[in-house]
Amino acid sequence: MRRTNTWRLRSASDGNDAIDESSASSAEDSQPIMQSTLQPAAAAAEPTPTQLMSMMGTSPRRIFLSGISSTAIALSANFFGVTSNVLSALPEEFSEKSGLDTFYPRGDYKRVIVQSTNNAGIASNAGKCSFLIPKEWVADTSLALAQAQRQARALDYSMTNGQQQQTNIVLPDAAYGPPGNRDRQGLSNGDTNVSVIVNNGLRNFSLATSLGSDPTSAAEVLLSSKYAPRKGSPKLVSAVAETRGEEGNTVLVYQFEYTVDRGEKAKPLQAISVVAGSRAGDAFITLTVVSTQEEWDSNPIVDERLRRVASSFKLV
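Analysis parameters
Residues numbered from 1 in each chain as written. Predicted model: local features only at pLDDT ≥ 70, side-chain atom pairs only at ≥ 80, totals over all residues. Heavy atoms only, no water. Helix = DSSP H or I, 4+ residues; strand = E, 2+ residues; numbered from the N terminus. Buried < 20%, exposed > 50% of the residue type's maximum accessible area, 1.4 Å probe, protein only. Contact = heavy atoms within 4.5 Å. Areas by Shrake-Rupley, 256 points an atom, 1.4 Å probe, with all protein chains shown as cover. Arc of directions from axis to C-beta. Patch = residues over 30% accessible without salt bridge, like charges linked within 9 Å, V, L, I, M, F, W, Y side chains within 5 Å. Salt bridge = Lys/Arg side-chain N within 4 Å of Asp/Glu carboxyl O. Core = buried A, V, L, I, M, F, W, Y, C linked by side-chain atoms within 4.5 Å. Pairing = 2+ DSSP bridges. pLDDT = per-residue confidence, 0-100. Axes fitted to C-alpha atoms, helices over the stretch in contact; angles between N-to-C directions.

1. A word on the overall build of the protein
Item 1. Along the backbone of the protein there are 11 helices and 10 strands.
Item 2. Expressed as a percentage of the 316 residues in the protein, the buried residues total 28%.
Item 3. Across the protein, every contact between residues at least 6 apart in sequence was considered, and the portion connecting residues at least 24 apart equals 55%.
Item 4. Roughly 20,100 Å² of accessible area belongs to the protein as shown, and the carbon and sulfur atoms make up 54% of that amount.

This is how it looks when you write it as structure tokens:
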């Protein structure tokens, strides 16, 4: 009996061992099956980029529109000068024809367009012109004030004769200069500037017939007339005749350079004037860029900029 029980106990223990071994082996065999079954499910559970954007409340269309909008805002605001850099990479003819260089500087310059106005302040296309100015230059505030005062006098019939005679003074239609040159009243007070005078209401005017075909003789006539500087004695340095404008639509211009001696009270000036007649013969336009002779001679940057302003003048 003891031997039988012992054998049975051993058999039972061996059976348990066998059961444990079989269960362990079946568990091991089932693990790869479970892993292979779970792997596709885990891969399918990963969200796609579209689902991720949907969870963030956006979409590819919104991202595209946001990129387009931000680019347009950066270009329109000239953010970090990006628009100016783009214009600098494009041909100057494109910037000028599109008019973009009147809103955004192209390189170191920006373009301005000048129209004449009558005493009532009404703009006229006669003698309309354009030219470049350094991008940091601003409009002359003293000129704007003088033009406003002249318009006010034209409407006030109680002015005395002495005050009415002041309206005979020729005022430029536009003037620009470096910022910061201000007097105590905040008005422009600098010797470096560019100004444009448009005399409209003419008939059949042309440089060749009205002033002569010789630019030197024409310059001497202008420097001795009412268009000459009111203070100082001008002295002609050089004069040339040029044709400017697009092919098939050019116009004759006279460009002359001169100095103005203002005596001991102020430094002598040096200036370049460009004169032209409108294509319709109804206007006479004068552009003058001026600075002290000391600035012209001692500062090459000033010399280059002022000559660039004068050479860029053209009728539009």
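From this point, things continue past the structure.
2. What about helix H9 (residues 215-223)?
Item 1. Of all the residues in H9, the buried ones are Pro215, Ala218, Ala219, Leu222 and Leu223. Down the axis of H9, the sector holding all buried residues measures 130°, keeping them to one side.
Item 2. Contacts made by the buried residues of H9 are with strand S6 (233-244), strand S7 (251-261), strand S8 (269-277) and strand S9 (283-292).

3. Things to note about a nonpolar patch on the surface
Item 1. On the surface, Val86, Leu90, Phe94 and Leu100 cluster together into a nonpolar patch covering about 300 Å² of accessible area.
Item 2. The topology assignment puts Leu100 in the loop between helix H5 (92-98) and strand S1 (109-117).

4. What to know about the environment of Ala208
Item 1. Tracing the sequence through the fold places Ala208 in helix H8 (residues 207-210).
Item 2. Judged by relative accessible area, which is 40%, Ala208 ranks as partly exposed.
Item 3. Residues Ala208 and Ala218 lie 10 residues apart in sequence; the distance between their C-alpha atoms is 9.0 Å.
Item 4. Residues within four places of Ala208 in sequence aside, it is in contact with Ser213 and Tyr254.

5. Remarks on the nonpolar core
Item 1. Among the nonpolar cores identified, the biggest contains 28 residues, and Phe131, Tyr176, Val194, Val196, Ile285 and Phe313 are the most heavily contacted of them.
Item 2. For Ile285, the residues in contact, after removing those within four places along its chain, are Gly127, Cys129, Val196, Ile197, Val198, Val274, Val275, Ala276, Gly277, Ser278, Phe313 and Leu315.
Item 3. If you look at the next biggest cluster of nonpolar residues, it comprises 17 residues, including Ala218, Leu222, Phe256 and Val275.

6. Quick look at the pattern of salt bridges
Item 1. The tally for this structure, following the rule as stated, stands at six salt bridges.
Item 2. We note a salt bridge from Asp191 to Arg262, for which the minimum N-O separation is 3.5 Å. Pair noted here: Asp191 is in the loop between strand S4 (174-177) and strand S5 (193-200) and Arg262 is in the loop between S7 and S8, with a separation of 71 residues, a long-range link.
Item 3. Note on Asp191: relative accessible area 35%, which makes it partly exposed.
Item 4. The salt bridge partner of Arg244 is Glu242, with a shortest N-O separation of 2.9 Å.
Item 5. Among the ionic contacts, a cluster of salt bridges with common partners joins Glu257, Asp303 and Arg307.

7. Focus: the pairing of S4
Item 1. Judged by which residues are buried, S4 turns out to be covered on both faces: Ala174 and Tyr176 on one side and Ala175 and Gly177 on the other are all buried.
Item 2. Summarising the sheet, S4 and S5 pair through three bridges and their orientation is antiparallel. In the sheet register, Ala174 faces S5, and the bridge partner there is Val196.

8. Some points on the confidence of the model for the protein
Item 1. Looking at the protein as a whole, its pLDDT mean stands at 75, while 67% of the residues score no less than 70.
Item 2. Between residues 21-27, whose pLDDT stays under 50, and residues either more than four places distant or in other chains, the model counts zero contacts.
Item 3. Under a pLDDT of 50 for its full length, residues 157-167 has, in the predicted model, seven contacts with residues more than four places off or in other chains.

9. Thoughts on the sheet that holds S5
Item 1. Taken in spatial order, the seven strands line up as S3-S4-S5-S9-S8-S7-S6 in an open sheet, and their pairing is antiparallel. Edge positions in the sheet fall to strand S3 (138-139) and S6, since each has one partner strand and no second.
Item 2. Summarising the sheet, S8 and S9 pair through nine bridges and their orientation is antiparallel. Each bridged residue has a counterpart across the sheet, and for Leu269 the counterpart in S9 is Thr292.
Item 3. Each of S6, S7, S8 and S9 is contacted by H9, which is oriented at about 135° to S6, the strand it contacts most.
Item 4. Against the sheet, helix H11 (residues 300-311) contacts S5, S6, S7, S8 and S9, and its axis sits at roughly 180° relative to S9.

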